[in-house]
Amino acid sequence: MSVDVLIVARYIDLCQWLKECMVTTVRELPVSIQRSVEACCMPLRATALGEADAAVLARRFAALADPVRLRLLSLIATSEDGAVCACDLVVPVGKSQPTVSHHLKVLREAGLVTGEKRGTNVWYAAVPAALEDLRVALGPAGT
């Protein structure tokens, strides 16, 4: 084989690619017309969240993003005594005691529940102000 043939064979892929690029046609996409948006209801909030408030709410909502933690908070917040022993939360959520303790720790660190040690057990209660903050953040303005 001659040197010229080797050079051509070496760059055949490049040549084919260039050929494809040169043949490609450009077509214009249709432009969609943006319709005006009308307000259908009141804004959700009267003012935008501040940086500190957003950080606190994000941490609380992140804690509630897990179904087990959401259920635990629901069980604690609806307890008739206002507080629930951690040992009484294992069966309702169907998880092991260490798993329940971990989830309760996450809720406590997010400020959604408080824990009080009574003997060998820890009793948990919901923090009403934290739950109210979540309700206000999701509710319509002025509620």
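Here's a quick rundown of the structure. These figures come from a predicted structure and were not determined experimentally.

Our next topic: the sheet that holds strand β1 (residues 84-85). One open sheet accounts for 3 strands, arranged β1-β3-β2; its pairing is antiparallel. Bordering the open sheet on either side are β1 and β2 (113-118), each of which pairs with just one other strand. Relative to strand β3 (residues 121-126), β2 runs antiparallel, the two sharing 6 bridges. Bridge pairing links V113 to A126 in β3. Strands in contact with helix α6 (residues 97-109) are β2 and β3; relative to β2, the strand with the most contacts, it is inclined by about 120 degrees.

Bringing the packing of helix α3 (residues 51-63) against helix α7 (residues 128-138) into the picture now. Where α3 meets α7, the closest approach of the two axes is 11 Å, and the angle between their N-to-C directions is 100 degrees. Taken as axis vectors, α3 and α7 run roughly perpendicular relative to one another. Note on element contacts: α7 touches α3 through A130, D133, L134, A137 and L138, opposite L57, R60 and F61. Classifying every residue of the contact of α3 with α7 gives 6 nonpolar, no polar and 2 charged.

A few words on the pairing of β3. Bridge count for β1 against β3 is 2 bridges, and the pairing is antiparallel. Paired with V84 across the bridge in β3 is Y124.

Thresholds, definitions, all that
Residues numbered from 1 in each chain as written. Predicted model: local features only at pLDDT ≥ 70, side-chain atom pairs only at ≥ 80, totals over all residues. Heavy atoms only, no water. Pairing = 2+ DSSP bridges. Helix = DSSP H or I, 4+ residues; strand = E, 2+ residues; numbered from the N terminus. Contact = heavy atoms within 4.5 Å. Axes fitted to C-alpha atoms, helices over the stretch in contact; angles between N-to-C directions. Parallel < 35°, antiparallel > 145°, perpendicular 65-115°, else oblique. Nonpolar A, V, L, I, M, F, W, Y, C, P; charged D, E, K, R; others polar.

In short, the description is geometric, and any link to function would need to be established separately.
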